[in-house]
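Survey of secondary and tertiary structure
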Amino acid sequence: MMARLRALVEERVAARRRAIAAAVSAAGVEARVEGEDVRLSGRGLMRRWMGDLLLREAGPEAGRGRR
């Protein structure tokens, strides 16, 4: 019984990793499943990371006009 439950859980986790990789790939970032990890790479990832970083560094005053 426990072996069957373990196998079901492992398949569900593997399916979740594949779904994550597919969603990230659809967003333009290279993704691959390596064992228990979903590895992301490529220019799309760098562009997305840099865009988020620039927004965070801009702070709460970003987007407001100067007075």
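The model shown is predicted, which means the values in this text are computed figures rather than measured ones.

Here's the deal with the overall build of the protein chain
Each helix and strand in the protein chain was counted, giving two helices and two strands. The secondary structure elements of the protein chain, listed N-terminal to C-terminal, are α-β-β-α. The proportion of buried residues among the 67 residues of the protein chain is 7%. Split by element, the accessible area of the protein chain, about 6,100 Å² in all, is 56% carbon and sulfur.

Some words on a nonpolar patch on the surface
Nonpolar side chains collect at one region of the surface, where M1, M2, L5 and L8 lie side by side and expose about 480 Å² of accessible area between them. Following the sequence through the fold, M2 ends up in helix α1 (residues 2-26). The exposed category is assigned to M2, whose relative accessible area is 64%.

Some points on the pairing of strand β2 (residues 37-41)
In this structure, strand β1 (residues 30-34) lies alongside β2, joined through five bridges in antiparallel fashion. Each residue of the ladder has a partner; that of R32, found in β2, is R39. Here β1 folds back onto β2 in antiparallel fashion, the turn holding two residues, of which G35 has a positive phi close to 65°.

Notes on α1
Between the first and last C-alpha of α1 there are 36 Å, a value that for 25 residues agrees with the 36 Å anticipated at 1.5 Å per step. Where α1 ends, the next residue or the one after it, G28, has phi of about 95°, a positive value.

A short note on the pattern of salt bridges
One side chain can pair with another of opposite charge once the charged atoms of both are near each other. Following the criterion strictly, the structure yields four salt bridges and no others. For E11, the salt bridge is made with R18, and the minimal N-O distance between the two is 3.0 Å. R18 sits in the partly exposed class, given a relative accessible area of 46%. Two residues, R39 and E34, come together in a salt bridge whose shortest N-O distance is 3.2 Å. Through salt bridges with shared partners, one network takes in R32, E34, D37 and R39.

Basis of the calculations
- Residues numbered from 1 in each chain as written.
- Predicted model: local features only at pLDDT ≥ 70, side-chain atom pairs only at ≥ 80, totals over all residues.
- Heavy atoms only, no water.
- Helix = DSSP H or I, 4+ residues; strand = E, 2+ residues; numbered from the N terminus.
- Buried < 20%, exposed > 50% of the residue type's maximum accessible area, 1.4 Å probe, protein only.
- Areas by Shrake-Rupley, 256 points an atom, 1.4 Å probe, with all protein chains shown as cover.
- Patch = residues over 30% accessible without salt bridge, like charges linked within 9 Å, V, L, I, M, F, W, Y side chains within 5 Å.
- Salt bridge = Lys/Arg side-chain N within 4 Å of Asp/Glu carboxyl O.
- Pairing = 2+ DSSP bridges.
- Expected span 1.5 Å × (residues − 1).

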